[in-house]
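A closer look at the structure
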Amino acid sequence: MSSEHGHIESAKNYVLVFAGLIILTVATTAVAFVDLGALNVAVALGIATCKALLVALFFMHVKQSSQLTKLILIGALLWLAIMIGFTLADFGTRGLFGVLGR
Amino acid sequence: VETLALREQFDTAAQQKEASTLGMWIFLITEIMFFGGMFLCYTVYRSAYPHVFAEASRSLNVYIGAANTVVLLCSSLTMVLAVRAAQLGRRKAIVTYLVLTLALGLVFLGVKAVEWQEKFAHHHIPGQAGFHLEGLAPDLQGQAQLFFSLYFAMTGLHALHMVIGAGIMIALAYWAYKGRYTADYVTPVDVGGLYWHFVDLVWIYLFPLLYLIDRVAK
């Protein structure tokens with residue numbers, strides 16, 4: 001093969017990842033109808049994150065990517081976490097101390 | 001046949017590939033932040049009006065949503081197989097897999113169009129004079145409109161990305177057919193694949209958040 005890409009994944013592995021994604025889709029749809037209380041959201045987002053990891057690591061080749069690409073991705077997720085975390089910290093604590101005008 | 005193997009500003013093919021991949025990832029990161037803002041907006045309003053958002057979410061057809069998720073995942077499989085075919089230099093296979101990806105993408109968009117059409121039929125269009133979500137008091141209809149505004153903004157922008165992706169598939173399939181991509185030059189297929197998978201990733205989060213998390217009536 002060419003020097004441009006060292007390793008070419010087998011088609012079988014891609015099909016296995018795909019099968020995993022389908023199983024997780026069926027699982028998340030089925031579990032949505034089971035009353036888990038507040039855990040319903042956590043389970044749905046947990047399964048979604050597993051699916052996202054499968055797509056990113058294997059289909060988007062993050063697993064074989066350079067350290068630099070991985071670092072930049074982690075940095076992006078950090079900024080996303082800051083945006084979501086700080087905004088929810090604001091909305092979640094409004095009115096907490098009964099300050100007028102909030 | 002033109003192969004466009006190595007541009008003069010790069011020392012090696014590996015360096016050229018690395019630059020392209022990194023550039024695409026940085027673009028996708030701006031997309032993560034773009035969609036992230038909408039996911040955040042959804043989260044804030046959902047926590048503000050949990051009851052109405054749950055009621056509105058239950059009005060969506062979860063089976064159509066799940067089936068469409070499967071369609072999109074199939075298109076991601078054919079996309080990654082197109083990239084693999086390019087790495088192996090199999091011209092015909094690249095074209096076949098890209099056309100399959102395009103077809104599955106169009107199926108997804110078609111199903112989405114049917115879903116939107118239903119919203120018009122049921123008066124679930126925000127801003128529509130006759131907007132009405134069944135089972136909700138009149139003073140809560142505004143909050144329901146907010147849910148559907150977010151629903152249309154998020155699925156609409158996702159669908160727009162799919163339309164752009166379909167255009168990319170057509171261009172890639174054409175050039176692949178013309179023999180532009182060889183085992184030594186797969187970067188456009190690879191980078192186009194990253195875009196397609198990213199659009200899939202967005203849907204992986206849209207599906208549970210819009211369709212699933214409020215299925216159990218409390």
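Residues numbered from 1 in each chain as written. Chains lettered and ligands numbered in written order. Predicted model: local features only at pLDDT ≥ 70, side-chain atom pairs only at ≥ 80, totals over all residues. Heavy atoms only, no water.

**A word on the overall build of chain B**
Secondary structure assignment for chain B yields six helices and zero strands. With respect to the three principal axes, the spread of C-alpha positions in chain B is 65 × 30 × 30 Å. Looking at chain B as a whole, 51% of its 218 residues qualify as buried. Contacts in chain B between residues at least 24 apart in sequence constitute 79% of all its contacts with a sequence separation of at least 6. For chain B, the computed accessible surface area is about 9,000 Å², with 65% contributed by carbon and sulfur atoms. The positive charge centre, built from 14 side chains, and the negative charge centre, built from 14, are 8 Å apart in chain B. (Helix = DSSP H or I, 4+ residues; strand = E, 2+ residues; numbered from the N terminus. Buried < 20%, exposed > 50% of the residue type's maximum accessible area, 1.4 Å probe, protein only. Contact = heavy atoms within 4.5 Å. Areas by Shrake-Rupley, 256 points an atom, 1.4 Å probe, with all protein chains shown as cover. Lys, Arg positive; Asp, Glu negative; His and termini not counted. Charge placed at Lys NZ, Arg CZ, Asp CG, Glu CD.)

**Points about the nonpolar core**
Counting 85 residues, the largest nonpolar core has Phe59(A), Met60(A), Tyr42(B), Leu98(B), Phe147(B) and Tyr211(B) as the members making the most contacts within it. Looking at which element gives the most residues to this core, the answer is helix H6 (residues 187-212) of chain B, with 17 residues. Beyond its immediate stretch of four places on either side in the chain, Phe59(A) contacts Tyr14(A), Val17(A), Phe18(A), Leu21(A), Leu54(A), Ser76(B), Leu77(B), Val80(B) and His197(B). (Core = buried A, V, L, I, M, F, W, Y, C linked by side-chain atoms within 4.5 Å.)

**Digging into unusual backbone geometry**
What is expected of a backbone is that most residues other than glycine have negative phi and most peptide bonds are trans. Residue and element names in this part refer to chain A. In the Ramachandran plot, His61 falls in the positive-phi region, its phi being about 60 degrees despite a non-glycine side chain. Secondary-structure assignment places His61 in the loop between helix H2 (39-59) and helix H3 (67-93). Judged by its relative accessible area of 11%, His61 is buried.

**Considerations on the side chain of Thr101(B)**
All names here are of chain B. Relative to the helices and strands, Thr101 is located in helix H4 (residues 91-121). Overall, the relative accessible area of 0% leaves Thr101 in the buried class. Separated by 2.8 Å, the side chains of Thr101 and Thr78 make a polar contact. Residues within four places of Thr101 in sequence aside, it is in contact with Ser75, Thr78, Met79, Met169 and Trp196. (Polar contact = N/O pair within 3.5 Å; in protein donor to acceptor, adjacent residues only side chain to side chain.)

**Some remarks on the state of the cysteines**
Two cysteines form a disulfide when their sulfur atoms are joined by a covalent bond. Across all of its chains, the model carries zero disulfides over all chains by this definition. Here Cys74(B) is not disulfide-linked; the sulfur of Cys50(A) is the nearest cysteine sulfur, at 20 Å. Overall, Cys74(B) belongs to the partly exposed group, its relative accessible area being 24%. (Disulfide = S-S within 2.5 Å.)

**Some details on the pattern of salt bridges**
Residues and elements named next belong to chain B. A full pass over the atoms with the stated rule returns five salt bridges over all chains. A salt bridge links Asp190 to Lys17; the nearest nitrogen and oxygen atoms lie 2.9 Å apart. Here Asp190, found in helix H6, pairs with Lys17, found in helix H1 (residues 13-48); they are 173 residues apart in sequence, far enough to count as distant. Judged on exposure class, the residue Asp190 and its partner Lys17 are both buried. Between Lys112 and Glu115 there is a salt bridge, and its shortest N-O distance comes to 2.7 Å. With Lys112 and Glu115 both in helix H4 and three residues apart, this pair spans about one turn of that helix. Across the pair, Glu115 and Lys112 agree in class, each one buried. (Salt bridge = Lys/Arg side-chain N within 4 Å of Asp/Glu carboxyl O.)

**What about helix H2 (residues 50-58) of chain B?**
Side chains three or four residues apart in an α-helix point the same way, a direct result of the helix having 3.6 residues per turn. Along H2(B), the residues classified as buried are Val52(B), Phe53(B), Ala54(B), Ala56(B) and Ser57(B). For H2(B), the secondary structure elements touched by its buried residues are H1, helix H5 (141-177) and H6 of chain B.

**Remarks on the interface of chain B and chain A**
In this complex, chain B contributes 52 residues to the contact, which on the side of chain A involves 47 residues. Interface of chain B and chain A: buried area, both sides summed, is about 4,400 Å²; carbon and sulfur atoms make up 79% of it. It is Trp25(B), Leu40(B) and Gln87(B) that lose the most area in chain B upon contact with chain A, and together they represent 13% of the buried surface on that side. In this structure, the connection of chain B to chain A is made through zero salt bridges. Connecting chain B to chain A are three residue pairs in polar contact (both at pLDDT 80 or more). When contributions to the side of chain B that touches chain A are tallied by element, the ones reaching two or more residues are H1, helix H3 (62-87) and H6 of chain B. For the side of chain B that touches chain A, the element with the highest residue contribution is H1(B), accounting for 16 residues. Among the residues forming the side of chain B that touches chain A, the class breakdown is 35 nonpolar, eight polar and nine charged. (Buried area = accessible area lost by both parts, 1.4 Å probe. Nonpolar A, V, L, I, M, F, W, Y, C, P; charged D, E, K, R; others polar.)

Purely spatial values, then, with no claim about function.
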